[in-house]
Amino acid sequence: MATLLEVRDLKTHFFTLDGVVKAVDGVSYDLNEGETLGLVGESGCGKSVSALSVMRLIPDPPGKIVSGEIFLDGKDILKIGMEDMREVRGAKIAMVFQEPMTSLNPVLSIGLQLTETMQHHLGLSSAQALKRAAELLEMVGISEPKRRLAQFPHHLSGGMRQRVMIAVALSCEPKLIIADEPTTALDVTIQAQILELMKDLTKRLGVALVVITHNLGVVARYADRVNVMYAGKIIEMGSAQQIYHHPHHPYTLGLLASVPRMDQPRGTRLIPIDGQPPDLTRLDGGCAFRPRCRFAVDRCAQEFPPLENIDSGHVSACWRVKEINELKNAS
């Protein structure tokens, strides 16, 4: 399977009055064509900023992509001009944002918001774009698509607005869709429908998908591979099965222990992760998770551990990964 996206040592910082916020601090990963990648972690760990960096939508000021490389189909999109980047957005990479009501323009009809990008990127006429827009709305499960094209975002429910956002993302047949917490504002039933829809469409159309979420259930069901982020860094990477069934980083272990699981006996107590995420303006050279980690040793305060290979395609950034593995096996 060919590699579609390569992110190499990406660093995105925000220069504020309180100091430099290292929101993304040396992130590297690959994404293959047609693959679904889950990006998980607590709020503020850098998930959304890493995605916005790929889209080159970081607000400047105060944000800036300080260094790194982002290769899309072998081309470093950090080195192209903004006019060229506008041609990449929509046509090659599309994004589904967290809250569709703030992403969709409230004073423009659904039809106009769908057809505008198709006319620009695909060169379709107005009539061709409207026909394609109706087909897209039907594809994402919206009834009476032609009537919906004349409506405005406030006429639709939250789930329907999110379906419209998916239709917009698919409209120019991109190779990659980034979904940033696509089900945050939806109820549980609609969340499942949206996720099933995205998985089905990306599989059918051969589109690669990056799902940003803090919901580990989403990871277990929909992702092929998973990147776990903490304090601007990826601290564990592997397949969904490796991460879910054989986690090795203390943070990943903590995340899994703090959510309900169907494979645990009834009455099993959830174990929260103690403490708070770190202040990203005051990070030192050590592991940022160590104040909350029950496995921390002196070395953790001195230097940040590199990603160490555990199994085929499974890596973890922890000085005590071998000891943790032994403890897990013993228990």
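A.B. asks: Teacher, can you tell me more about the sheet that holds strand 9 (residues 225-230) here?
C.D. replies: The pairing of strands in a sheet comes from backbone hydrogen bonds and takes either a parallel or an antiparallel form. One open sheet holds the eight strands; their spatial order is 6-7-8-3-9-10-12-11, and the pairing between them is mixed. Looking at which strands have only one partner, the edges of the open sheet turn out to be strand 6 (93-96) and strand 11 (308-311). On average, each strand axis in the sheet is inclined to that of its neighbour by 20°, with strand direction left out of account. Sheet analysis places strand 11 next to strand 12 (residues 314-316), joined by three bridges and oriented antiparallel. Considered in strand 12, the bridge of aspartate 311 is made with histidine 314. With respect to the sheet, helix 1 (residues 47-55) is in contact with strand 3 (36-40), strand 6, strand 7 (176-180), strand 8 (208-213) and strand 9, its orientation differing from that of strand 6 by roughly 145°. Against the sheet, helix 7 (residues 158-170) contacts strand 6 and strand 7, and its axis sits at roughly 175° relative to strand 6.

A.B. asks: Help me understand the environment of leucine 124 in this model?
C.D. replies: Tracing the chain through its elements places leucine 124 in the loop between helix 4 (110-122) and helix 5 (126-139). In this structure, leucine 124 is in contact with Met118, Gln119, Ala129 and Arg132, ignoring residues within four places of it in sequence.

A.B. asks: In this structure, what is going on with the sheet that holds strand 5 (residues 75-76)? I would like to understand it.
C.D. replies: Read across the open sheet, the four strands follow the order 2-1-4-5; overall the sheet is antiparallel. Strands at the two margins of the open sheet, each flanked by one partner only, are strand 2 (19-32) and strand 5. In terms of strand pairing, strand 1 (residues 3-16) meets strand 4 (residues 63-72) through eight bridges, oriented antiparallel. Residue pairing across strands places arginine 8 opposite glutamate 69, the latter belonging to strand 4. In the packing of helix 1 onto the sheet, contacts are made with strand 1, strand 2 and strand 4, and the angle to strand 1 comes to roughly 110°.

A.B. asks: What am I meant to see in the side chain of serine 316 here?
C.D. replies: Relative to the helices and strands, serine 316 is located in strand 12. Ignoring sequence-local partners within four residues, the contact set of serine 316 consists of Ile235, Glu236, His248, His249, Pro306, Leu307, Glu308, Ile310 and Val321.

A.B. asks: What is the right way to look at the packing of helix 7 against helix 8 (residues 188-205) in this model?
C.D. replies: Axis angle and axis distance: for two packed helices, these are the angle between their axes and the distance between the axes, and together they describe the pair. Here helix 7 crosses helix 8 at 15°, and the two axes come no closer than 10 Å. Taken together, the axes of helix 7 and helix 8 lie roughly parallel to each other. Seen along the crossing, helix 7 lies across helix 8 with a hand that is right-handed. Counting all contacts with helix 7, which are made through Gly159, Gln162, Arg163, Ile166 and Leu170, the residues of helix 8 involved are Ile190, Gln193, Ile194, Leu197, Met198, Leu201 and Leu205. Of the residues belonging to the contact of helix 7 with helix 8, the class tally is eight nonpolar, three polar and one charged.

A.B. asks: Any chance you could explain unusual backbone geometry here in plain terms?
C.D. replies: Trans is the prevailing form of peptide bonds, just as negative phi is the prevailing case for residues other than glycine. Between aspartate 60 and proline 61 the backbone carries a cis peptide bond, its omega angle lying at -5°. Topologically, proline 61 is positioned in the loop between helix 1 and strand 4. Unusually for a residue other than glycine, aspartate 73 sits at a positive phi of about 55°. Mapped onto the elements, aspartate 73 comes out in the loop between strand 4 and strand 5. Look at aspartate 73 and you get partly exposed, because its relative accessible area is 35%.

A.B. asks: Please explain the pairing of strand 10 (residues 233-239) as it appears in this structure.
C.D. replies: A regular strand places its side chains so that they alternate between the two faces of the sheet. With five of seven residues buried, strand 10 lies mostly within the body of the structure. Both strand 9 and strand 10 contribute to a ladder of six bridges, which runs antiparallel. Considered in strand 10, the bridge of methionine 229 is made with isoleucine 234. Hairpin connection between strand 9 and strand 10: a loop of two residues separates the two successive antiparallel strands, and alanine 231 in this loop has a positive phi of roughly 50°. For strand 10 and strand 12, the ladder comprises two bridges, and the chain directions are antiparallel. The residue of strand 12 that forms the bridge with glutamate 236 is serine 316.

Parameters and conventions
Residues numbered from 1 in each chain as written. Predicted model: local features only at pLDDT ≥ 70, side-chain atom pairs only at ≥ 80, totals over all residues. Heavy atoms only, no water. Pairing = 2+ DSSP bridges. Helix = DSSP H or I, 4+ residues; strand = E, 2+ residues; numbered from the N terminus. Axes fitted to C-alpha atoms, helices over the stretch in contact; angles between N-to-C directions. Contact = heavy atoms within 4.5 Å. Parallel < 35°, antiparallel > 145°, perpendicular 65-115°, else oblique. Left-handed = near helix turned anticlockwise from the far one by under 90°. Nonpolar A, V, L, I, M, F, W, Y, C, P; charged D, E, K, R; others polar. Buried < 20%, exposed > 50% of the residue type's maximum accessible area, 1.4 Å probe, protein only.

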